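Chain by chain, the residues:
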Amino acid sequence: MTNKQLPITIPYQLAITPYEKPFRQPLKTSYGEWKTRQGIIISLQDTAGNISYGEIAPLPQFGSETLEQALSFCSQFSQITETEIYEIPEQFPACQFAFESALERFSRTPIYQENLQLSCLLPAGKQALETWQSGWKQGQKTFKWKIGVFSQEDSWFEQLINQLPDDCQLRLDANGGLTFSQAEQWLQLADASGKVELIEQPLPPNQFQQMQELTVKYQTPIALDESVGTLRQLENCYQQGWRDIFVIKCAIAGSPRYLRQLCQHYKLDLIFSSVMETDVAREAALQLATELSSHRALGFGVNHWFTD
Ligand code: MG
(Lines give C-alpha, C1' and ligand atoms only; values in the text may rest on other atoms or scores of the structure.)
Protein backbone atom coordinates (compact mmCIF):
# COMPACT_ATOMS: atom_id res chain seq x y z
CA MET A 1 0.00 0.00 0.00
CA THR A 2 1.30 3.44 -0.82
CA ASN A 3 0.93 6.16 1.71
CA LYS A 4 -0.98 8.62 -0.43
CA GLN A 5 -1.90 12.02 0.98
CA LEU A 6 -5.62 12.68 0.70
CA PRO A 7 -6.46 15.90 -1.12
CA ILE A 8 -7.81 18.46 1.33
CA THR A 9 -10.95 19.00 -0.72
CA ILE A 10 -12.54 15.74 0.46
CA PRO A 11 -15.45 16.86 2.58
CA TYR A 12 -16.34 15.81 6.10
CA GLN A 13 -19.90 14.80 6.93
CA LEU A 14 -21.29 17.37 9.33
CA ALA A 15 -23.85 16.70 12.07
CA ILE A 16 -25.11 19.32 14.50
CA THR A 17 -26.75 18.78 17.89
CA PRO A 18 -28.08 21.75 19.86
CA TYR A 19 -27.83 21.45 23.66
CA GLU A 20 -29.09 23.18 26.80
CA LYS A 21 -27.20 23.05 30.07
CA PRO A 22 -28.87 24.65 33.10
CA PHE A 23 -26.83 26.30 35.85
CA ARG A 24 -27.19 24.99 39.39
CA GLN A 25 -28.13 28.55 40.33
CA PRO A 26 -28.42 31.54 37.98
CA LEU A 27 -25.14 33.32 37.32
CA LYS A 28 -25.52 36.96 38.38
CA THR A 29 -23.38 39.59 36.68
CA SER A 30 -23.82 43.27 35.90
CA TYR A 31 -25.74 42.06 32.79
CA GLY A 32 -28.40 40.36 34.90
CA GLU A 33 -29.12 36.65 35.43
CA TRP A 34 -28.03 33.79 33.22
CA LYS A 35 -29.91 30.52 33.79
CA THR A 36 -29.08 28.13 30.94
CA ARG A 37 -26.09 27.75 28.64
CA GLN A 38 -27.24 26.92 25.12
CA GLY A 39 -24.96 25.85 22.32
CA ILE A 40 -24.35 23.36 19.53
CA ILE A 41 -22.12 20.29 19.36
CA ILE A 42 -20.85 19.67 15.85
CA SER A 43 -19.34 16.45 14.59
CA LEU A 44 -17.17 15.94 11.54
CA GLN A 45 -16.83 12.48 10.05
CA ASP A 46 -14.04 11.69 7.59
CA THR A 47 -14.21 9.14 4.79
CA ALA A 48 -12.61 6.48 7.01
CA GLY A 49 -15.43 6.88 9.55
CA ASN A 50 -13.39 8.76 12.18
CA ILE A 51 -15.45 11.30 14.07
CA SER A 52 -14.26 14.48 15.76
CA TYR A 53 -16.27 16.97 17.81
CA GLY A 54 -16.37 20.71 18.20
CA GLU A 55 -18.57 23.06 20.19
CA ILE A 56 -20.26 26.32 19.29
CA ALA A 57 -20.91 28.20 22.54
CA PRO A 58 -21.87 31.75 21.52
CA LEU A 59 -21.88 34.77 23.82
CA PRO A 60 -23.40 37.59 21.77
CA GLN A 61 -22.90 40.23 24.50
CA PHE A 62 -19.16 39.69 23.94
CA GLY A 63 -19.49 40.17 20.19
CA SER A 64 -19.97 36.63 18.95
CA GLU A 65 -22.74 35.46 16.66
CA THR A 66 -26.03 34.46 18.30
CA LEU A 67 -27.10 30.83 18.64
CA GLU A 68 -29.66 31.36 15.87
CA GLN A 69 -27.03 32.81 13.54
CA ALA A 70 -24.72 29.88 14.27
CA LEU A 71 -27.53 27.39 13.59
CA SER A 72 -28.41 29.01 10.30
CA PHE A 73 -24.72 29.14 9.33
CA CYS A 74 -24.31 25.40 10.03
CA SER A 75 -27.49 24.48 8.22
CA GLN A 76 -25.92 25.52 4.90
CA PHE A 77 -23.69 22.46 5.09
CA SER A 78 -24.33 18.74 5.24
CA GLN A 79 -20.68 18.30 4.27
CA ILE A 80 -17.78 20.71 4.76
CA THR A 81 -14.18 20.77 3.50
CA GLU A 82 -11.04 21.93 5.29
CA THR A 83 -10.84 24.88 2.91
CA GLU A 84 -14.41 25.90 3.74
CA ILE A 85 -13.62 25.63 7.45
CA TYR A 86 -10.66 27.99 7.16
CA GLU A 87 -12.86 30.38 5.18
CA ILE A 88 -15.60 30.72 7.82
CA PRO A 89 -16.21 34.49 8.00
CA GLU A 90 -15.06 36.47 11.04
CA GLN A 91 -18.62 37.36 12.02
CA PHE A 92 -18.97 33.71 13.14
CA PRO A 93 -16.11 33.48 15.67
CA ALA A 94 -17.76 30.73 17.76
CA CYS A 95 -18.26 28.68 14.58
CA GLN A 96 -14.62 29.29 13.54
CA PHE A 97 -13.46 27.95 16.88
CA ALA A 98 -15.77 24.92 16.82
CA PHE A 99 -14.95 23.81 13.28
CA GLU A 100 -11.20 24.44 13.46
CA SER A 101 -10.85 22.71 16.80
CA ALA A 102 -12.86 19.72 15.53
CA LEU A 103 -10.53 19.58 12.53
CA GLU A 104 -7.43 19.77 14.74
CA ARG A 105 -8.72 16.98 16.97
CA PHE A 106 -8.32 14.47 14.13
CA SER A 107 -4.55 14.83 14.23
CA ARG A 108 -3.68 16.19 17.68
CA THR A 109 -2.06 14.33 20.51
CA PRO A 110 -3.84 15.49 23.65
CA ILE A 111 -1.71 17.48 26.09
CA TYR A 112 -1.84 16.35 29.71
CA GLN A 113 -4.27 18.68 31.44
CA GLU A 114 -4.37 17.63 35.07
CA ASN A 115 -3.16 19.98 37.80
CA LEU A 116 -3.80 23.16 35.89
CA GLN A 117 -4.10 26.21 38.17
CA LEU A 118 -7.70 27.37 37.85
CA SER A 119 -9.41 30.52 39.00
CA CYS A 120 -12.50 29.57 41.00
CA LEU A 121 -15.59 31.60 40.13
CA LEU A 122 -17.43 32.72 43.28
CA PRO A 123 -21.07 33.76 43.37
CA ALA A 124 -21.66 37.52 43.32
CA GLY A 125 -22.42 39.36 46.52
CA LYS A 126 -22.28 38.16 50.10
CA GLN A 127 -22.58 34.49 49.13
CA ALA A 128 -18.89 34.56 48.15
CA LEU A 129 -17.99 34.74 51.84
CA GLU A 130 -19.34 31.20 52.47
CA THR A 131 -18.27 29.73 49.14
CA TRP A 132 -14.55 30.27 48.59
CA GLN A 133 -13.63 27.68 51.26
CA SER A 134 -14.77 24.71 49.15
CA GLY A 135 -12.57 25.77 46.21
CA TRP A 136 -9.67 26.40 48.57
CA LYS A 137 -10.01 22.89 50.05
CA GLN A 138 -9.55 21.59 46.51
CA GLY A 139 -6.28 23.49 46.19
CA GLN A 140 -7.46 26.60 44.39
CA LYS A 141 -5.61 29.82 45.18
CA THR A 142 -7.18 32.28 42.75
CA PHE A 143 -10.79 33.35 43.18
CA LYS A 144 -12.91 35.51 40.97
CA TRP A 145 -15.71 37.71 42.24
CA LYS A 146 -18.17 39.74 40.18
CA ILE A 147 -18.52 43.38 41.21
CA GLY A 148 -20.95 46.09 40.19
CA VAL A 149 -23.90 43.82 41.03
CA PHE A 150 -24.88 44.91 44.58
CA SER A 151 -24.47 48.19 46.47
CA GLN A 152 -22.80 46.89 49.69
CA GLU A 153 -19.95 45.17 47.88
CA ASP A 154 -17.15 47.23 49.42
CA SER A 155 -17.83 45.94 52.96
CA TRP A 156 -18.12 42.32 51.72
CA PHE A 157 -14.90 42.88 49.80
CA GLU A 158 -13.09 43.86 53.03
CA GLN A 159 -14.44 40.73 54.74
CA LEU A 160 -13.46 38.51 51.83
CA ILE A 161 -9.94 39.96 51.71
CA ASN A 162 -9.56 39.39 55.46
CA GLN A 163 -10.82 35.81 55.20
CA LEU A 164 -8.66 34.71 52.26
CA PRO A 165 -5.38 33.03 53.25
CA ASP A 166 -2.21 34.95 52.44
CA ASP A 167 -1.25 32.74 49.52
CA CYS A 168 -4.56 33.39 47.76
CA GLN A 169 -5.47 36.16 45.38
CA LEU A 170 -8.70 37.67 44.17
CA ARG A 171 -9.75 38.71 40.67
CA LEU A 172 -12.51 41.28 40.47
CA ASP A 173 -14.75 41.34 37.40
CA ALA A 174 -16.95 44.36 36.75
CA ASN A 175 -18.17 43.26 33.31
CA GLY A 176 -17.86 46.88 32.17
CA GLY A 177 -20.47 47.96 34.69
CA LEU A 178 -18.64 50.69 36.68
CA THR A 179 -18.51 54.44 36.29
CA PHE A 180 -15.07 56.04 36.15
CA SER A 181 -15.25 57.15 39.79
CA GLN A 182 -16.48 53.71 40.95
CA ALA A 183 -13.59 52.14 39.04
CA GLU A 184 -11.19 54.47 40.84
CA GLN A 185 -12.68 53.52 44.22
CA TRP A 186 -12.28 49.80 43.43
CA LEU A 187 -8.72 50.30 42.24
CA GLN A 188 -7.88 52.14 45.46
CA LEU A 189 -9.36 49.29 47.51
CA ALA A 190 -7.53 46.75 45.35
CA ASP A 191 -4.17 48.53 45.64
CA ALA A 192 -4.55 48.83 49.41
CA SER A 193 -5.53 45.16 49.85
CA GLY A 194 -2.38 43.67 48.33
CA LYS A 195 -4.44 40.60 47.40
CA VAL A 196 -6.11 41.64 44.17
CA GLU A 197 -4.46 40.15 41.11
CA LEU A 198 -6.38 42.34 38.65
CA ILE A 199 -9.69 43.98 37.82
CA GLU A 200 -11.46 42.76 34.71
CA GLN A 201 -13.13 45.26 32.42
CA PRO A 202 -14.02 48.05 34.88
CA LEU A 203 -15.53 50.29 32.17
CA PRO A 204 -17.48 49.57 28.98
CA PRO A 205 -15.49 48.87 25.80
CA ASN A 206 -16.11 52.37 24.41
CA GLN A 207 -14.06 53.83 27.30
CA PHE A 208 -10.71 52.43 26.20
CA GLN A 209 -8.76 55.65 26.82
CA GLN A 210 -10.16 55.95 30.34
CA MET A 211 -9.06 52.39 31.10
CA GLN A 212 -5.61 53.23 29.73
CA GLU A 213 -5.53 56.16 32.20
CA LEU A 214 -6.43 53.84 35.07
CA THR A 215 -3.57 51.46 34.22
CA VAL A 216 -1.15 54.35 34.60
CA LYS A 217 -2.65 55.67 37.80
CA TYR A 218 -3.05 52.45 39.82
CA GLN A 219 -0.86 49.46 40.60
CA THR A 220 -3.49 46.75 40.22
CA PRO A 221 -3.45 45.62 36.59
CA ILE A 222 -6.55 45.80 34.43
CA ALA A 223 -7.63 42.95 32.18
CA LEU A 224 -9.68 43.73 29.10
CA ASP A 225 -12.44 41.21 28.56
CA GLU A 226 -15.60 42.56 26.89
CA SER A 227 -13.34 44.88 24.85
CA VAL A 228 -11.59 41.88 23.32
CA GLY A 229 -14.31 39.32 22.73
CA THR A 230 -12.85 38.49 19.33
CA LEU A 231 -9.23 38.16 18.24
CA ARG A 232 -9.60 41.06 15.81
CA GLN A 233 -10.61 43.32 18.72
CA LEU A 234 -7.72 42.00 20.78
CA GLU A 235 -5.25 42.83 18.02
CA ASN A 236 -6.78 46.31 17.67
CA CYS A 237 -6.45 47.01 21.39
CA TYR A 238 -2.84 45.80 21.35
CA GLN A 239 -2.10 48.10 18.41
CA GLN A 240 -3.70 51.00 20.30
CA GLY A 241 -1.15 50.43 23.04
CA TRP A 242 -2.79 48.09 25.56
CA ARG A 243 -0.01 46.31 27.50
CA ASP A 244 -1.92 45.13 30.57
CA ILE A 245 -3.80 41.83 30.50
CA PHE A 246 -6.22 40.36 27.96
CA VAL A 247 -8.88 37.81 28.85
CA ILE A 248 -9.29 35.36 26.04
CA LYS A 249 -12.44 33.31 25.77
CA CYS A 250 -11.23 30.88 23.15
CA ALA A 251 -14.68 29.48 22.38
CA ILE A 252 -15.90 32.85 21.09
CA ALA A 253 -12.63 34.52 20.10
CA GLY A 254 -12.41 32.97 16.64
CA SER A 255 -9.84 30.93 14.78
CA PRO A 256 -7.24 29.05 16.88
CA ARG A 257 -4.84 29.46 13.96
CA TYR A 258 -5.19 33.26 14.19
CA LEU A 259 -4.67 33.11 17.97
CA ARG A 260 -1.39 31.23 17.50
CA GLN A 261 -0.25 33.87 14.99
CA LEU A 262 -1.04 36.68 17.44
CA CYS A 263 0.93 34.92 20.17
CA GLN A 264 3.89 34.59 17.82
CA HIS A 265 3.82 38.25 16.79
CA TYR A 266 3.12 39.94 20.11
CA LYS A 267 4.05 39.34 23.72
CA LEU A 268 0.57 39.00 25.16
CA ASP A 269 -0.31 38.64 28.83
CA LEU A 270 -3.32 36.33 28.51
CA ILE A 271 -5.89 34.81 30.81
CA PHE A 272 -7.65 31.91 29.14
CA SER A 273 -11.22 31.87 30.27
CA SER A 274 -14.42 29.88 30.09
CA VAL A 275 -17.71 30.85 28.48
CA MET A 276 -19.52 28.16 30.48
CA GLU A 277 -19.07 25.71 27.63
CA THR A 278 -19.31 21.91 27.88
CA ASP A 279 -16.29 19.61 28.02
CA VAL A 280 -15.92 19.63 24.22
CA ALA A 281 -14.94 23.31 23.92
CA ARG A 282 -13.38 23.30 27.38
CA GLU A 283 -10.91 20.61 26.36
CA ALA A 284 -10.02 22.43 23.13
CA ALA A 285 -9.54 25.74 24.98
CA LEU A 286 -7.37 24.14 27.68
CA GLN A 287 -5.26 22.54 24.96
CA LEU A 288 -4.65 25.99 23.51
CA ALA A 289 -3.92 27.47 26.94
CA THR A 290 -1.37 24.73 27.61
CA GLU A 291 0.20 25.03 24.18
CA LEU A 292 0.46 28.82 24.44
CA SER A 293 1.66 28.51 28.05
CA SER A 294 -0.19 31.15 29.98
CA HIS A 295 1.29 31.75 33.45
CA ARG A 296 -1.95 33.04 34.97
CA ALA A 297 -4.58 30.86 36.64
CA LEU A 298 -7.06 29.74 34.00
CA GLY A 299 -10.59 31.07 34.22
CA PHE A 300 -12.00 27.56 34.08
CA GLY A 301 -12.83 26.97 37.74
CA VAL A 302 -16.53 26.87 36.92
CA ASN A 303 -17.64 23.22 37.02
CA HIS A 304 -19.30 23.73 40.40
CA TRP A 305 -21.82 26.00 38.64
CA PHE A 306 -23.34 22.99 36.88
CA THR A 307 -25.19 20.00 38.25
CA ASP A 308 -23.32 17.34 36.26
MG1 MG B 1 -14.93 39.01 32.60
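Above this text sits the structure in question.
Each chain carries its own residue numbering, running from 1 in the direction its sequence is written. In keeping with the model being predicted, local features are shown solely for residues with a pLDDT of at least 70 and side-chain atom pairs are shown and tallied solely at 80 or more, while totals for entire chains, interfaces and linings include all residues. Heavy atoms throughout the structure, all of them, feed into the side-chain values; hydrogens and water do not.

Caption draft 1: Quick look at empty space enclosed by the protein. As defined here, a cavity is a set of points on a 1 Å grid over the protein atoms alone where a 1.4 Å probe fits but cannot get out. A pocket is an open set with protein on both sides within 12 Å along at least five of seven lines, and residues line them when an atom is within 4 Å of a point. Grid points are joined across faces, edges and corners, and a volume is the space filled by probe spheres set on the points. Counted by the stated rule, this structure contains one cavity of 30 Å³ or more. Quantified by volume, the largest cavity comes out at close to 30 Å³. As for the largest cavity, its lining consists of F97, L231, I248, C250, A253, G254, S255, P256, L259 and L288. Only DSSP runs of H or I reaching four residues or more are called helices, and only runs of E reaching two or more are called strands; each is numbered from the N terminus. For the lining of the largest cavity, the secondary structure elements donating two or more residues are α9 (250-253) and α10 (256-265).

Caption draft 2: Region of the structure containing the side chain of D225. Note that D225 resides in the loop between β9 (222-224) and α8 (231-239). Counting of polar contacts relies on pairs of N or O atoms within 3.5 Å, with two restrictions inside protein: one atom must be capable of donating a hydrogen and the other of accepting it, and residues adjacent in sequence are counted only when both atoms are side-chain atoms. Side chain to side chain, D225 and K249 meet in a polar contact 2.9 Å long. Ignoring sequence-local partners within four residues, the contact set of D225 consists of F62, D173, E200, Q201, V247 and K249. Two residues qualify as a contact provided that any one of their heavy atoms is within 4.5 Å of a heavy atom in the partner residue.

Caption draft 3: The pairing of strand β6 (residues 142-146), seen in detail. Burial classes follow relative accessibility: with a 1.4 Å probe on protein chains only, a residue under 20% of its type's maximum area counts as buried, one over 50% as exposed, and anything between as partly exposed. With respect to burial, β6 is a largely interior element, five of its five residues being buried. Of the two faces of β6, both are covered, the one formed by T142, K144 and K146 as well as the one formed by F143 and W145. Both β6 and strand β7 (residues 169-173) contribute to a ladder of five bridges, which runs parallel. Counterpart to K146 in the pairing with β7 is D173. The path from the first strand over the helix to the second decides the hand: if it runs clockwise while the strands point away from the viewer, the crossover is right-handed. Taken together, β6, helix α5 (residues 153-163) and β7 constitute a β-α-β crossover, and its handedness is right-handed. Between any two strands, pairing holds if DSSP finds at least two bridges.

Caption draft 4: Examining the layout of surface pockets more closely. Considering only enclosed or pocket space, the largest pocket measures out at about 370 Å³ in volume. Together, 26 residues line the largest pocket, and L27, T29, W34, K146 and M276 are the ones closest to its centre. Counting only elements with at least two residues in the lining of the largest pocket, the list comes to β1 (12-29), β2 (32-45), β5 (118-121), β6 and β7. Among the elements that line the lining of the largest pocket, the one with the most residues is β2, at three residues. In this count, Pro and Cys sit with the nonpolar residues alongside Ala, Val, Leu, Ile, Met, Phe, Trp and Tyr, while Asp, Glu, Lys and Arg are called charged and the others, Gly among them, polar. Along the lines of polarity and charge, the residues of the lining of the largest pocket split into 10 nonpolar, eight polar and eight charged. The split of the chain into domains comes from an automatic or database domain assignment. Of the domains in this structure, domain 1 (12-105) and domain 2 (118-305) are the two that each give at least three residues to the lining of the largest pocket.

Caption draft 5: Up close: helix α6 (residues 180-193). Here a helix's expected span is defined as the number of its residues, less one, multiplied by 1.5 Å. Taking 1.5 Å of rise per residue, 14 residues should cover 20 Å, and α6 covers 20 Å from first to last C-alpha, within 8% of that figure. Among the residues of α6, those classed as buried are A183, E184, W186, L187, A190 and S193. Residues of α6 that are buried sit in contact with β6, α5, β7, β8 (196-200), α7 (208-217) and β9. Of the residues one or two after α6, G194 is the one with positive phi, at around 70°.

Caption draft 6: Geometry of the coordination of the magnesium ion. Distances up to 2.8 Å from the metal define which N, O and S atoms are donors, and 3.2 Å serves for Na, K and Ca; water is absent from the atom set, so sites may look incomplete. Every protein donor of the magnesium ion is listed here as D173 (OD), E200 (OE) and D225 (OD), and their distances to the metal cover 2.0 to 2.3 Å. Read from N- to C-terminus, the donor residues coordinating the magnesium ion fall into the pattern D-x26-E-x24-D. Residue E200 is found in strand β8, and its partner D225 is found in the loop between β9 and α8; the two are separated by 25 residues along the sequence.

Caption draft 7: Up close: the pairing of β8. Burial analysis of β8 places five of its five residues in the buried class, which makes it a mostly covered element. Each parallel crossover has a hand, and for β7 linked through α6 to β8 it is right-handed. Inspection of the sheet shows β8 paired to β9 by two bridges, in the parallel sense. Note on β9: the bridge partner recorded for I199 is I222. For the crossover from β8 across α7 to β9, the handedness is right-handed.

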